[in-house]
Amino acid sequence: MSLFVAVQMDPIEHVNIDGDSTFVMGLAAQERGHKLFFYHTSRLTFRDGKVIARGAPMELRRERGNHFTLGAPETIELAKADVVLMRQDPPFDMSYITATHILEHIHPKTLVVNDPVEVRNAPEKLFVTKFAGLMPPTLITSDKAEILDFRAQHKDIIVKPLYGNGGAGVFHITPGDENLGSLLEMFTQLYREPVIVQRYLPEVRAGDKRIILIDGEPVGAINRVPQAGEARSNMHAGGKPMKSELTAREVEICKTLGPELKRRGMIFVGIDVIGDYLTEINVTSPTGLQEIARFDGTRPEMKIWDAIEARLGRK
């Protein structure tokens, strides 16, 4: 079946064609005969009971510096699309949340990937708290006294914004570090939300593993190793991707999460594991498809389309 696929994403001219997961999802869609329509989240509109988007038909190709062509601008009613890929990058702020409310009007008649209601209810660093026994010792609070008590207990900690992404704003506070007070003051000025504090996991020096799950099933993983002198392993922060297999503990984590992810309509999810601990469940705009493909010789983006087409076939 040929599908009309609307892609809600950041500016197409800025994507890294060698690393962007949305780009390879689009290429895979074209291979299957699907038609792409690009629009930016700022062009998403609710008007008189209808959800519309102003954008343009899009063609993609793996040619550096010439990777896309946009057709004539037009406005479409998204309810007439078969699929909407919600692929704009976080942060998970009120703009992001508003987009989920608007897209909720057309889902599931038009399949939104991932389900906008469930995306709204599953912020990366909060959703993980629903799975007891999988995450490291964790504190979510705005209370400085609680943070100081947590540090006194665990000594070595990580402090990060609750709704951050890509490793931005992640700080490793060692036992002798005198900057925690200033850091919390800065966070208070920058964010209204609580912060998340976790016991530092020294296993991160060996890597922070990204595991991709499609329809609740693991399909591949990469290990992201931080640079020397860097606490963050995110590829946006210079982490080096390396080939990786799943450990027995990681298989156990996936089996615990998988049924719940599938039940919630989370077709494409990326989880982060350090050592034996689950640290995040990424449902907004997961990445890692191209890195897995290079190491494993697979094409996980095709499995995403298998899952999408299966859902539409059942409808």
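Overview of the structure. In every chain, residue numbers begin from 1 and rise along the written sequence. With the structure being a predicted model, the display of local features is reserved for residues of pLDDT at least 70 and the display and counting of side-chain atom pairs for 80 or more, all residues being used for whole-chain, interface and lining totals. Neither water nor hydrogens contribute to the side-chain values; these are computed over all heavy atoms in the structure.

**Quick word on helix α8 (residues 289-296)**
No. 1: When accessible area is computed with a 1.4 Å probe and restricted to protein chains, residues below 20% of their type maximum are described as buried, those above 50% as exposed, and intermediate ones as partly exposed. Strands here mean DSSP runs of E at least two residues long; helices mean DSSP runs of H or I at least four residues long; both are numbered from the N terminus. Residues of α8 that are buried include every one of L289, Q290, E291 and I292, and no others.
No. 2: Backbone geometry just after α8 places G297 at a positive phi near 70 degrees.

**A word on the packing of helix α5 (residues 144-154) against helix α6 (residues 180-190)**
No. 1: Interaxial angle, 0 to 180 degrees, is taken between N-to-C directions of lines fitted to C-alpha atoms, where a helix line uses only the stretch in contact. For the pair α5 and α6, interaxial distance at closest approach is 12 Å and the crossing angle is 140 degrees. α5 and α6 meet at a crossing whose hand is right-handed. Of the residues in α6, those in contact with K144, I147, L148 and R151 of α5 are L180, G181 and L184. Each crossing gets its handedness from the near helix: less than a right angle anticlockwise from the far helix is left-handed, clockwise is right-handed. In this analysis, two residues are considered to be in contact whenever any of their non-hydrogen atoms come within 4.5 Å of each other.

**Some details on the sheet that holds strand β15 (residues 240-243)**
No. 1: Here, strands pair whenever DSSP counts at least two bridges between them. Here five strands make up an open sheet; going across it, the order is β15-β14-β13-β16-β17 and the pairing antiparallel. At either end of the open sheet lies a strand with only one pairing partner, and these are β15 and β17 (277-282). Taking each pair of neighbouring strands and ignoring which way they run, the sheet shows an average axis angle of 30 degrees.
No. 2: Alignment of strand β13 (residues 208-214) against strand β16 (residues 268-274), held across six bridges, turns out to be antiparallel. By the bridge assignment for β16, I211 is matched with I271.
No. 3: Contacts between α8 and the sheet are confined to β13, β14 (217-225), β15 and β16, with β14 contributing the most and set at about 90 degrees to the helix.

**Quick look at α6**
No. 1: If you check which residues of α6 are buried, you get L180, L183, L184 and F187. Seen end-on, α6 carries its buried residues on one side only, within an arc spanning 95 degrees. The outward face of α6, more than 90 degrees from its buried face, is lined by the exposed residues E185, T188 and Q189.
No. 2: The secondary structure elements touched by the buried residues of α6 are α5, β10 (157-161), β11 (171-173) and β12 (195-199). When we speak of the arc, we mean the arc of directions from the helix axis to the C-beta atoms.

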